[in-house]
Amino acid sequence: MNWSRANPPSSFLAARCIAPGFFIHAGRFEVRALKCQTGMHGGIMDKGLNNQGALAALEELRRDARICKGRHFAAADRKLILHRCCGVPVILANLFVGIVLVNLQGGTVSMGSEFDPVGLATGSRTADTLSLVSTLLAFCAASLSAVQTFFNFHKTAEGHRAIGNRYIDIARRAKALLQRQSDLTDTAAPLWDNYGALYTEYRQINIEAEAFPTSRSDLKAALGAPELTP
């Protein structure tokens, strides 16, 4: 045949596509490498071009959901660190204060025949020192406990993780649609319908996530984290 790919004969343009990539023309079975379809004017166009907008939107949604997931998980880890930094000193301080109080309550001064004023003075100074240290530790423990109660680090960390898990679900579903497109090519309409449903959920999660703000360091951690899954 003396025709080029750029200017195929009209009979070839009118060829019937029996399957993606398979054509019948002039009594001969031809296999085309590209998946194609017959257009409104009888021309052949690449089917993938119709889906590029939807696929790009799904990829952007997947990437944004992954970054948001990383931000909230980083914030949850940061809140847990603050929770431990406030909680562990409180436990240790209360334990020390309890031991000191038990020793002071159980301590007695011996009134035997021999009276040791030096030992009595030393013991008195030690008791005063322990009492002062106990008072300071009790004040610090109460302050840290108040800070922990006010900011509620543990509950906030749980909220961040719950929000992050919902972002993971959005990212994985978007990735599943992209992977499905690699095997089973869909038209643009169902892809946009799926994108609209996912974006509605994504926007609702963003509204609920306003109660759990993240910091700039959380964003840096999310951007620098390796992409494992999704």
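These notes cover the structure that comes with them. (Residues numbered from 1 in each chain as written. Predicted model: local features only at pLDDT ≥ 70, side-chain atom pairs only at ≥ 80, totals over all residues. Heavy atoms only, no water.)

**Overview of the pattern of salt bridges**
Selection criterion: A carboxyl oxygen of Asp or Glu within 4 Å of a side-chain nitrogen of Lys or Arg is what we treat as a salt bridge. Secondary structure elements follow DSSP: runs of H or I no shorter than four residues count as helices, runs of E no shorter than two count as strands, and numbering proceeds from the N terminus. Residue exposure (1.4 Å probe, protein chains only): buried if accessible area is under 20% of the type maximum, exposed if over 50%, otherwise partly exposed.
Using the criterion set out here, one finds seven salt bridges in the structure. Arg 62 serves as the salt-bridge partner of Glu 59, at 2.9 Å between the closest nitrogen and oxygen. Remark: Arg 62 and Glu 59 occur in helix H2 (residues 52-106); sequence separation between them is three residues, near one turn of the helix. Arg 62 sits in the buried class, given a relative accessible area of 8%. Here Glu 201 and Arg 173 are joined by a salt bridge, their closest N and O atoms 2.8 Å apart.

**Some points on a nonpolar patch on the surface**
For clarity, the cut-off: Each patch is built from residues lacking any salt bridge and having more than 30% relative accessible area; the joining distance is 9 Å for like charges and 5 Å for nonpolar side chains (Val, Leu, Ile, Met, Phe, Trp, Tyr). Throughout, the Shrake-Rupley method with a 1.4 Å probe supplies accessible areas, and for residues the shown protein chains are the sole cover considered.
A surface patch of nonpolar side chains, about 190 Å² in accessible area, is lined by Phe 96, Leu 130 and Val 133. Note that Leu 130 resides in helix H3 (residues 117-151). Exposure remark for Leu 130: the relative accessible area of 31% places this residue in the partly exposed category.

**Points about the packing of aromatic side chains**
Rule in force here: By convention, a stacked pair of Phe, Tyr or Trp rings (six-membered ring in the case of Trp) has centres within 6.5 Å and planes under 30 degrees apart, an edge-to-face pair has planes over 60 apart, and any other such pair is tilted.
Taken as a whole, this structure holds six aromatic pairs when the rule is applied. Seen in terms of ring centroids, Trp 192 and Tyr 195 are 5.6 Å apart; in terms of plane orientation they differ by 90 degrees. Their pairing is edge-to-face. One end of the pair, Trp 192, and the other, Tyr 195, are both in helix H5 (residues 188-209), three residues apart, so they sit about a helical turn from each other. By relative accessible area, Tyr 195 is classed as buried at 19%. An angle of 20 degrees between the planes, with centres 6.0 Å apart, marks the rings of Tyr 195 and Tyr 199 as stacked. Within this pair, Tyr 195 and its partner Tyr 199 are both found in helix H5, separated by four residues, close to a single helical turn. Following the ring pairs from residue to residue traces out a cluster consisting of Tyr 167, Trp 192, Tyr 195, Tyr 199 and Tyr 202.

**Quick word on the side chain of His 160**
Let me state the cut-off plainly: Two residues qualify as a contact provided that any one of their heavy atoms is within 4.5 Å of a heavy atom in the partner residue.
In this fold, His 160 is placed in helix H4 (residues 153-183). His 160 gets classed as buried once you look at its relative accessible area, which sits at 0%. Discounting chain neighbours no more than four positions away, the residues touching His 160 are His 72, Ala 75, Ala 76, Lys 79, Phe 212, Pro 213 and Thr 214.

Remember that the coordinates give geometry; whether it matters functionally is a separate question.
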